[in-house]
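One letter stands for each residue in the lines below.
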Amino acid sequence: MWTCLEINFLLLMYFMLLYLYFSSAMSSPLYSSSSCQLQGQFHLNGMHKAGDVVLGGLFQIHFFSVFPDLSFTSEPQQPSCHGFDVLGFRQVQTMAFAIDEINRNPNLLPNVTLGYSLYDNCVNLGIGFRAALSLVSGQEEQFILEETCEGSPPVLGVVGDSSSTRSIAISTVLGLYRVPMVSYFATCSCLSDRQKFPSFFRTIPSDAFQVRAMIQILNRFGWTWAGLLISDDDYGHHAARSFQSDLAQSGGGCLAYLEILPWGYEQAELKRIVDVMKKSTARVVIVFAHESHMINLMEEVVRQNVTGLQWMASEAWTAAAVLQTPHLMPYLGGTLGIAIRRGEIPGLREFLLQTRPDQHHDNRYGNSTVNQFWEYTFQCRFAPPPAGWLEAGGALCTGQEDLENVETEFLDISNLRPEYNVYKAVYALAYALDDMLQCEPGRGPFSGHSCGNLKGLEPWQLVYYLQKVNFTTQFGDQVSFDENGDALPIYDIMNWLWLPDGRTKLVNVGEIKRSAFKGEELTIEEDKIFWNFKSKKPPKSVCSENCPPGTRMARRTGEPVCCFDCIPCSEGKISNKTDSMECTSCLEDYWSSPHRDRCVLKTTEFLSYHEPLGICLTATSLLGTFICTIVLGIFIHHRSTPIVRANNSELSFQLLLSLKLCFLCSLLFIGRPSLWTCQLRHAVFGISFVLCVSCILVKTMVVLAVFKASKPGGGASLKWFGVLQQRGTVIVLTSIQAAVCAAWLVSASPAPHKNTQYYNDKIVYECVVGSTVGFAVLLGYIGLLAILSFLIAFISRNLPDSFNEAKVITFSMLIFCAVWVAFVPAYISSPGKYADAVEVFAILASSFGLLLALFGPKCYIILLKPEQNTKKAIMGRGTE
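Residues numbered from 1 in each chain as written. Predicted model: local features only at pLDDT ≥ 70, side-chain atom pairs only at ≥ 80, totals over all residues. Heavy atoms only, no water.

(A) Structural context of the overall build of the protein. A count of helices and strands for the protein gives 22 helices and 31 strands. Of all 880 residues assigned to the protein, the portion counted as buried reaches 51%. Here the protein displays about 40600 Å² of accessible surface, and carbon together with sulfur accounts for 59% of that area. (Helix = DSSP H or I, 4+ residues; strand = E, 2+ residues; numbered from the N terminus. Buried < 20%, exposed > 50% of the residue type's maximum accessible area, 1.4 Å probe, protein only. Areas by Shrake-Rupley, 256 points an atom, 1.4 Å probe, with all protein chains shown as cover.)

(B) A look at unusual backbone geometry. Of note, the amide linkage connecting Gly160 to Asp161 takes the cis form, showing an omega dihedral of -5°. Tracing the backbone through its elements, the reader meets Asp161 in the loop between strand S8 (157-159) and helix H4 (164-174). For Cys122, which is not glycine, the phi dihedral falls at a positive 55°. Here Cys122 lies in the loop between strand S6 (114-120) and helix H3 (125-137).

(C) Inspection of the sheet that holds strand S21 (residues 504-515) at higher detail. Judged by pairing direction, the sheet is mixed, and its 8 strands sit side by side in the order S12-S11-S13-S14-S15-S20-S21-S22 without closing on themselves. Looking at the sheet topology across the chains shown, the edges are occupied by strand S12 (254-261) and strand S22 (519-524). Each strand of the sheet is rotated relative to its neighbour by a mean of 25°, with strand direction disregarded. With 5 bridges joining them, strand S11 (residues 225-231) and strand S13 (residues 284-288) adopt parallel strand pairing. Pairing of Ile230 across the sheet is with Phe288, part of S13. Against the sheet, helix H8 (residues 291-304) engages S11, S12, S13 and strand S14 (310-313), with an angle of about 170° to S14. (Pairing = 2+ DSSP bridges. Axes fitted to C-alpha atoms, helices over the stretch in contact; angles between N-to-C directions. Contact = heavy atoms within 4.5 Å.)

(D) Looking closely at the packing of aromatic side chains. One pass over the structure, following the stated rule, counts 40 aromatic pairs. A centroid spacing of 6.0 Å and a plane angle of 90° characterise the contact between Trp223 and Trp531, whose relative ring orientation is edge-to-face. In this pair, Trp223 sits in the loop between helix H5 (207-220) and S11 while Trp531 sits in the loop between S22 and strand S23 (551-555), placing the two residues 308 residues apart along the sequence. Assessed through its relative accessible area of 1%, Trp223 is described here as buried. Joined through ring pairs, the aromatic side chains of Phe685, Phe689, Trp744, Phe775, Phe816, Trp820, Phe823 and Tyr827 make up one cluster. Above the ring of Phe201, the side-chain terminus of Arg194 is found at 4.7 Å from the ring centroid. Positioned over the ring face of Tyr759 is Lys762, at 5.0 Å from the centre of the ring. (Phe/Tyr/Trp six-rings, centres within 6.5 Å; stacked < 30°, edge-to-face > 60°. Lys NZ or Arg CZ within 6 Å of the ring centre and 35° of its normal.)

(E) Geometry of the pairing of S12. Bridge count for S11 against S12 is 7 bridges, and the pairing is parallel. Bridge pairing in S12 links Leu229 to Glu259. What joins S11 to S12 is helix H6 (residues 234-250), and the crossover it makes is right-handed. (Right-handed = clockwise from strand over helix to strand, strands pointing away.)

(F) Main features of the packing of helix H14 (residues 612-637) against helix H16 (residues 649-665). Between H14 and H16, the shortest axis-to-axis distance is 8 Å and the interhelical angle comes to 165°. As judged from the angle between their axes, H14 and H16 are roughly antiparallel. H14 and H16 meet at a crossing whose hand is left-handed. Contacts from Ser621, Gly624, Thr625, Cys628, Thr629, Val631, Leu632, Phe635 and Ile636 of H14 reach H16 at Ser652, Phe653, Leu656, Leu657, Leu659, Lys660, Phe663 and Leu664. Split by residue class, the contact of H14 with H16 holds 11 nonpolar, 5 polar and 1 charged. (Parallel < 35°, antiparallel > 145°, perpendicular 65-115°, else oblique. Left-handed = near helix turned anticlockwise from the far one by under 90°. Nonpolar A, V, L, I, M, F, W, Y, C, P; charged D, E, K, R; others polar.)

(G) Seen up close, the pattern of salt bridges. Enumeration according to the criterion identifies 28 salt bridges in this entry. A salt bridge links Arg272 to Glu259; the shortest N-O distance between them is 2.6 Å. Taken together, the residues span a long stretch of sequence, with Arg272 in helix H7 (residues 267-279) and Glu259 in strand S12 at a distance of 13 residues. Given a relative accessible area of 37%, Arg272 falls into the partly exposed group. The partner of Lys528 in a salt bridge is Glu525, with the nearest N and O atoms 3.7 Å apart. (Salt bridge = Lys/Arg side-chain N within 4 Å of Asp/Glu carboxyl O.)

(H) View of the state of the cysteines. Applying the stated criterion across every chain, the model contains 10 disulfides. At a sulfur-sulfur separation of 1.9 Å, the disulfide partner of Cys543 is Cys563. Since a negative S-S torsion denotes a left-handed disulfide, the Cys543-Cys563 link at about 105° is right-handed. Linking Cys543 in the loop between S22 and S23 with Cys563 in the loop between S23 and strand S24 (564-568), this pair joins segments that are 20 residues apart in sequence. Exposure remark for Cys543: the relative accessible area of 19% places this residue in the buried category. (Disulfide = S-S within 2.5 Å.)

(I) Local environment of the nonpolar core. If you look at the biggest cluster of nonpolar residues, it comprises 66 residues, and the most contacted ones within it are Phe59, Met95, Leu114, Val426 and Leu466. Sorting the residues of this core by element identifies strand S3 (53-59), helix H2 (86-103), S6, helix H10 (348-353), helix H11 (368-378), helix H12 (418-437) and helix H13 (459-467) as the ones contributing at least two each. Ignoring any residue separated from it by four or fewer positions in sequence, one finds Leu466 in contact with Pro180, Val182, Phe201, Ala428, Leu429, Ala432 and Phe481. Listed in part, the 64 residues of the second largest apolar core include Leu655, Ile809, Val838 and Ile843. (Core = buried A, V, L, I, M, F, W, Y, C linked by side-chain atoms within 4.5 Å.)

(J) Structural view of the side chain of Arg596. Looking at the element boundaries, Arg596 is found in the loop between strand S27 (590-592) and strand S28 (599-601). In this structure Arg596 is buried but unpaired, with Glu571 as the nearest side chain of opposite charge at 4.1 Å. From its side chain, Arg596 meets the backbone oxygen of Pro594 in a polar contact 3.5 Å long. Sequence-distant contacts of Arg596, that is, excluding residues within four places in its chain, are made with Gly550, Cys569, Ser570, Glu571, Lys573, Ile574 and Ser575. (Lys, Arg positive; Asp, Glu negative; His and termini not counted. Polar contact = N/O pair within 3.5 Å; in protein donor to acceptor, adjacent residues only side chain to side chain.)

(K) Molecular detail of the pairing of strand S31 (residues 762-768). Where burial is concerned, most of S31 is hidden: 5 out of the 7 residues are buried. Pairing analysis gives 3 bridges linking strand S29 (residues 603-605) to S31, with the strands arranged parallel. Counterpart to Glu605 in the pairing with S31 is Val764. Judged from the 5 bridges that link them, strand S30 (residues 751-755) and S31 form a sheet pairing that is antiparallel. Each residue of the ladder has a partner; that of Asn755, found in S31, is Val764. Taken together, S30 and the strand that follows it, S31, pair antiparallel across an intervening segment of 6 residues.

(L) Highlighting the packing of helix H20 (residues 806-829) against helix H21 (residues 833-864). Put simply, H20 and H21 touch, their axes get as near as 9 Å, and they point 175° apart. Accordingly, the angle class assigned to the pair H20 and H21 is roughly antiparallel. Contacts between H20 and H21 involve Val808, Ile809, Phe811, Ser812, Met813, Ile815, Phe816, Val819, Trp820, Phe823, Ala826 and Tyr827 from the first element and Ala835, Val838, Glu839, Ala842, Ile843, Ala845, Ser846, Gly849, Leu850, Ala853 and Leu854 from the second.

Here it is in structure tokens:
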């Protein structure tokens, strides 16, 4: 693993090495004003082909290397590379094929032949750096400078490197001289920085887009809780930073853990990481790492038998065949991966079949790579073979072996991904060069409207045209670069299908791309995805289940935002969507439903005719009215009898009519309150009861006056209690109450009111009295008359029975006062409709009390004891 400090140190050493080379060349006796002498060469594996313009390439052809000591001797040591990479060599041949195809195309770069110099980096930063310096400085041991200092550079542009770390180091140097570098596999988002890497381009999407693609897949399946494993290099660290940043901005999930995979097989560290994965509730594991990291990790995963995980692979290992084995599929089956766009390159297979070793030239520094491929593929050695090779049964290579007769990945072109990017990179350089050569003199983009040309070509001129290149491949993909040198991003989404026979198949289940018009588009065919779970459905990977409507999210202290508790909304508040952060209050006339997921109209409450209580009170009121009517009828029918005529029958009739009004006024308190019922209920109630009590008061006063008039010298008292005076007294007393009611209605009229204070979930319709003083005066006036009636009746209670109703009136007034005294605290303490029910009950109770006490005994005599309904009987009772 190369850290940034190590890269910077290596760059410093190479700059020192170049300086020493240059200084030694300047001081060498071979140095003259017209020539330069190369003081040393880097001896590297590679392939070369001459041309008018040469393109360079950096590829991974060997897996391992033994890096030579950095010395300043005149003869640098040859790096030792081993572990041949067939797929890397196929990428090399793809570049060679693209250049050959361009040379045969009369419409692209006519009259210009492209050549190439392709080097092996051996997956080593030092060797890759040496290869890059060899490309830009050339390998000629001596070259002559023209007087005008004109001439083409050794290579016009470089295709590579495959590693982000190596690309960072190499592009840092090449960018100083604006040498264009087009990578086909370096994905680090840091390479999009135009200030640091002004001449870097790539045909593979940046990790920034790959990260966004991963997040879109997470969102698609509702995975909000995932683990992230990264490699300990620029590729992994930049991916982690982008992932954390973009995931936070999207608000679509959280990382359960972030672990860095070691480069080697460090069992203790790998065991710790796998333990973290086992203990976590996250079922999705995202890995931004290389094949070698995954191989080491999976050994520990298999050892601990960690199943039930949904793996998501970055493009670095999505297509890794070394992981798609029957041994690992119980764990990795169903993996979803981001893969480089697959392309088709017509004619490539035929070109690969034409690969032949070069046996007639010294391959020490030439096309030795082809010979190495041949030896690896056919397990033979070219003469002279290594010592003991033949004795051990090894075969000699003839160069005539047939590639079609051997099983090799080299010829499998069904899944061209990095190769397709190499192909596009070569064509991008070719189209840029073609655009430059088509420039018309005097109309060019450079100073003085000049154009670039092959004789005096500057690398920065090609960078200008490369930035503007735009073409479409035979496969139909558009290739262009944005202001950061990134190509239009597109990825395939792959799924590791585990077939019943144990084989593994990499299936394309969708794609994600970004276009200039539609933005980022994710397409997934879910029915094609193989899920490695018993349910055959996507797993759930959440820290907390979604909060349903009716609840709100309450974050857990000290935990990621995806971990929360679902708290039910309080009464009167709702949430009508999933994962609500807050509950919203309902409007005044609304209340929360039982599930707290919507606001419903509050139930209304008033003393209704349709409820049992209202029905009972209505029936009682009508019963009282009916009884009054019957009693009135009885009294009218027997109006000439002594018991009816005694003590002013007209007052009895008025009293019955007023009691009838008292019974009927109670109906105004039942039903939905309205303005007119609120205004009438207390007014009618007050006037009716004053009329009733006034009649009783006058009746009592008449009894007392008649008794006094019967005594000697008391006749003068009757002149004040004649019929007209009785009527006038009743009218005056009633008019006073009417005046009180009129003043009350004018000044502060009672009105209907929606009361929400009694109950949270109900609206109580009630009549507010408007003026408490008016209501108090109304009741107080009734009470005053009742008390006067009671006192006068109490005083007259011992008068002779012949003239006396005082006892009955005293008893009736006692009932009346008791009812209304009890009414006041009951009314005040009763909420809503029950206050109205208490008032109705008081009206009915007092009315029935008066009716039964005053008219019950008389009706009894009239109907059941008619023999006592005579003047003699009445007078006789008075003498006993």
